[in-house]
There are 2 protein chains.
Amino acid sequence: MKIKLAESYGFCFGVKRAIKIAEESPNSTTIGPLIHNNEEINRLKNNFNVDNINDFKEITNIKKAIIRTHGITKENLEELKKKNIDICDATCPFVSKPQKICEDMSKQGYQVIIFGDIKHPEVKGVMSYAQGDAKVVLNEKDLEKIKLHNKVAIISQTTRKFSDYNKIINYVIPKCKEARIFNTICNATFENQKAAKKLSLECDVMIIIGGKNSSNTKQLFEISRANCSDSHLIENENELEKEWFENKKKCGISAGASTPDWIIEKIMNKIKEF
Amino acid sequence: MKIKLAESYGFCFGVKRAIKIAEESPNSTTIGPLIHNNEEINRLKNNFNVDNINDFKEITNIKKAIIRTHGITKENLEELKKKNIDICDATCPFVSKPQKICEDMSKQGYQVIIFGDIKHPEVKGVMSYAQGDAKVVLNEKDLEKIKLHNKVAIISQTTRKFSDYNKIINYVIPKCKEARIFNTICNATFENQKAAKKLSLECDVMIIIGGKNSSNTKQLFEISRANCSDSHLIENENELEKEWFENKKKCGISAGASTPDWIIEKIMNKIKEF
């Protein structure tokens, strides 16, 4: 059986940057997991004493806070400043941008529509920058409930698929006088998706590596499964099952934007052993 | 045979307004035909001595100029002012708006894309308000020749079909960082189109009335012909042919935005005679 890596996979610019910031800020605490990868979080804890709190209320106990790639809400940021907590801002620049767009557009009187998951921390952060209400939608059904204004600005969560974003855009445009469409989907995610699609078309088994709560990893998995029914989403090498590879000719491998190379290598080595 | 008028047809707000301005400005001259309807132009000439020049160079001979619904270029407007010619501005407000958008957007650094026919006077007028180049496109093929910027503003000629505009929009959006989409398609045209489509689905012969050089009339004709192969585009009752209506059950009638009611009535009366 051949093993082939996708042409683009794994860590993106924002994650590499966040990990560097964390490594350079020992004895600090991230608010929520820095990235969606438990193995990497354990490494940062063991090697750099980078701790984690999951509830913002726990900030009273910390002195140095790392803001993770997804960003935090405007209110939480102000709270940190008020409490004189040292701030290491690892918000991905591709996430800071939609935050700023959301703020600017709502100041300019545009109704802000955010395409994404309202429960996702990135989206919570972005929408907090709107003056008044920003509307968060996942599909056309959500849009039907919204009374659209004449002037609308649309932003996407960075890790969404463009084809889905396009449906939102095409619903809104004919219904308003001016639509400002911001392409805030991250290229890295897009490149990983394109490569996963290409690879899944030529393989009979696909392994997608990444956190099971990572939005971009789940999307890679979906794209892969659409072309290759024997697709598996795993976090580490212990989840591999020998029988997945029986009678297979070509195994494709891709990994979410929060997956470090050392995990990918471990998994590839184990597959080679089978 | 039943005869049925479309639910929406004929004169739009802008044309009604232009004719009123012309009637209130006797002994004046329009630069290019006021509207795309020869019969109405003759009436204004006979009853109000409203003349017409087709070449802008002839303005040296006139004292009072009527700017027609399609508008004129920024340069021509400045020329009229310089020559102290009285200006009666009958530019349709739905055309003045894209002119202003074009000017504002190019001032703000957006690349302006105009969806429309570069030879149409409305489009010539709108594009003249851009600082630098505005690009005029009719289809995706035209777009392929353009190097799109990061920030793009898109405007449509008022009389275009939204479904065609949508193709332009969908080509541009994934290729830039911000797309500002202005829905400058005139509702009146849209309402006439919607009604013509509905009517053509239930008729076995369709008569579309309007100028043969009128963009919106030609589009009504195309929409009608797609559903009813026996569709005919005529300017006046003399073009009607008796055989069109032989063995027909239902005749639908629609008219372009420049067609006055008195022409429509004449035509309906003649069809009834058959």
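Since the structure is predicted, the reported quantities are computational estimates derived from the model, not experimental observations.

## Quick word on the domain arrangement of chain A
All names here are of chain A. Looking at the assigned domains, one finds that chain A contains domain 1 (2-9 + 188-273), domain 2 (13-91) and domain 3 (94-185). For the pairing of domain 1 and domain 2, the buried interface totals around 800 Å² over both sides, and the portion due to carbon and sulfur atoms is 49%. It is Asn213, Ser258 and Trp262 in domain 1 that bury the most area against domain 2; as a group they hold 48% of the surface buried on that side. Where domain 1 touches domain 2, the interface holds 0 salt bridges.

## Focus on the packing of aromatic side chains
All names here are of chain A. Per the stated rule, a full pass over the model turns up 10 aromatic pairs over all chains. Relative to Phe274, the ring of Phe245 has its centre 5.7 Å away and its plane inclined at 35 degrees; by these criteria the two rings are tilted. Of this pair, Phe245 sits in the loop between strand E11 (231-234) and strand E12 (250-255) while Phe274 is found in the segment after helix H10 (261-273), placing the two residues 29 residues apart along the sequence. Phe245 gets classed as buried once you look at its relative accessible area, which sits at 7%. Residue classification places Phe274 among the partly exposed positions, given a relative accessible area of 35%. Within the aromatic cluster, the residues linked to one another by ring pairs are Phe115, Phe162 and Tyr165.

## With respect to the relation of the copies chain B and chain A
When chain B is brought onto chain A, the operation consists of a screw motion whose angular component is 180 degrees and whose axial shift is 0.0 Å, with 0.1 Å RMSD remaining. In short, the pair behaves as if placed about a two-fold rotation axis. Across chain B, the rotation axis passes nearest the C-alpha of Arg180 of chain B, at a separation of 2.2 Å. Looking at the interface residues of chain B, 100% of them are also at the interface in chain A, so both copies use one shared face.

## Looking at the interface of chain B and chain A
Each partner contributes residues to the interface: chain B has 16 residues there, and chain A has 16 residues. Our enumeration of links across chain B and chain A arrives at 2 salt bridges. Its salt-bridge partner being Arg180 of chain B, residue Glu178 of chain A comes within 2.7 Å of it at the nearest N-O pair. Along the contact surface separating chain B from chain A lie 11 residue pairs in polar contact (both at pLDDT 80 or more). Listing elements by their share of the side of chain B that touches chain A, those giving two or more residues are helix H7 (162-172) and strand E9 (178-182) of chain B. No other element matches E9 of chain B, which puts 5 residues into the side of chain B that touches chain A. In terms of residue class, the side of chain B that touches chain A is built from 9 nonpolar, 3 polar and 4 charged. Pairing of strand E9 (residues 178-182) of chain A with E9 of chain B involves 5 bridges; the strand directions are antiparallel. Counterpart to Ala179 of chain A in the pairing with E9 of chain B is Ile181 of chain B.

## Observations regarding the pairing of E9 of chain A
All names here are of chain A. Counting buried residues along E9, 5 of its 5 residues qualify, which places the element largely inside the surrounding structure. The two faces of E9 match: Glu178, Arg180 and Phe182 on one face and Ala179 and Ile181 on the other face are all buried. For strand E8 (residues 151-156) and E9, the ladder comprises 4 bridges, and the chain directions are parallel. By the bridge assignment for E9, Ile154 is matched with Ile181.

## Quick notes on H10 of chain A
Think of an α-helix as 3.6 residues a turn; residues three or four steps apart then line up on the same face. Residues and elements named next belong to chain A. Compared with an ideal rise of 1.5 Å per residue, which puts 13 residues at 18 Å, H10 spans 19 Å between its outermost C-alpha atoms and is within 8% of the ideal. Taken residue by residue, H10 has Ile263, Ile264, Ile267, Met268 and Ile271 as its buried positions. Projection of H10 onto a plane perpendicular to its axis shows the buried side chains occupying an angular sector of 135 degrees, all on one side. Of the exposed residues in H10, the ones pointing more than 90 degrees away from its buried face are Glu265, Lys272 and Glu273. On its buried face, H10 sits against strand E1 (2-5), helix H2 (38-48), strand E10 (205-209), E11 and E12.

## Some details on the nonpolar core
Ile173 and Ile181 of chain A together with Ile173 and Ile181 of chain B are the most contacted members of the largest nonpolar core, which totals 38 residues. Ignoring sequence-local partners within four residues, the contact set of Ile173 of chain B consists of Phe162, Ile169, Ile173, Ile181 and Asn183 of chain A together with Ala179 and Ile181 of chain B.

## Looking at the pattern of salt bridges
Residues and elements named next belong to chain A. Inspection of the entire model under this criterion finds 34 salt bridges over all chains. Across the pair Glu202 and Lys4 runs a salt bridge, and its minimum N-O distance is 2.9 Å. Here Glu202, found in the loop between helix H8 (187-200) and E10, pairs with Lys4, found in strand E1; they are 198 residues apart in sequence, far enough to count as distant. Notably, a salt bridge pairs Asp51 with Lys45, separated by 3.5 Å at the nearest N-O pair. Judged by its relative accessible area of 33%, Lys45 is partly exposed. What emerges from the salt-bridge pattern is a single network uniting Lys4, Glu202 and Lys250.

## Topic: the sheet that holds E12 of chain A
Residue and element names in this part refer to chain A. The 4 strands lie next to each other as E1-E12-E10-E11, forming an open sheet whose pairing is parallel. What marks the edges here is a single partner per strand, and that holds for E1 and E11. Across the sheet, the mean angle separating the axes of adjacent strands is 20 degrees when strand polarity is ignored. Across 4 bridges, E1 lies against E12 in parallel orientation. Directly across from Lys2, in E12, lies its bridge partner Lys250. Along the sheet face, H8 touches E1, E10 and E12 and points at about 170 degrees away from the line of E12. Against the sheet, helix H9 (residues 215-227) contacts E10, E11 and E12, and its axis sits at roughly 165 degrees relative to E11.

## Points about the packing of helix H8 (residues 187-202) of chain B against helix H9 (residues 215-227) of chain B
Residue and element names in this part refer to chain B. The geometry of H8 relative to H9 is characterised by a closest axis approach of 8 Å and an angle of 25 degrees between their N-to-C directions. Here H8 lies roughly parallel to H9, going by the angle between them. Pair H8 / H9 crosses with right-handed handedness. Of the residues in H9, those touching H8 at Thr189, Asn192, Gln193, Ala196, Lys197, Ser200 and Leu201 are Asn216, Gln219, Leu220, Ile223, Ser224 and Asn227. Within the contact of H8 with H9, the residues separate by chemical class into 4 nonpolar, 8 polar and 1 charged.

About the cut-offs
- Residues numbered from 1 in each chain as written.
- Chains lettered and ligands numbered in written order.
- Predicted model: local features only at pLDDT ≥ 70, side-chain atom pairs only at ≥ 80, totals over all residues.
- Heavy atoms only, no water.
- Domains from an automatic or database assignment.
- Buried area = accessible area lost by both parts, 1.4 Å probe.
- Salt bridge = Lys/Arg side-chain N within 4 Å of Asp/Glu carboxyl O.
- Phe/Tyr/Trp six-rings, centres within 6.5 Å; stacked < 30°, edge-to-face > 60°.
- Helix = DSSP H or I, 4+ residues; strand = E, 2+ residues; numbered from the N terminus.
- Buried < 20%, exposed > 50% of the residue type's maximum accessible area, 1.4 Å probe, protein only.
- Least-squares fit on C-alpha atoms with pLDDT ≥ 70 in both.
- Contact = heavy atoms within 4.5 Å.
- Polar contact = N/O pair within 3.5 Å; in protein donor to acceptor, adjacent residues only side chain to side chain.
- Nonpolar A, V, L, I, M, F, W, Y, C, P; charged D, E, K, R; others polar.
- Pairing = 2+ DSSP bridges.
- Expected span 1.5 Å × (residues − 1).
- Arc of directions from axis to C-beta.
- Core = buried A, V, L, I, M, F, W, Y, C linked by side-chain atoms within 4.5 Å.
- Axes fitted to C-alpha atoms, helices over the stretch in contact; angles between N-to-C directions.
- Parallel < 35°, antiparallel > 145°, perpendicular 65-115°, else oblique.
- Left-handed = near helix turned anticlockwise from the far one by under 90°.

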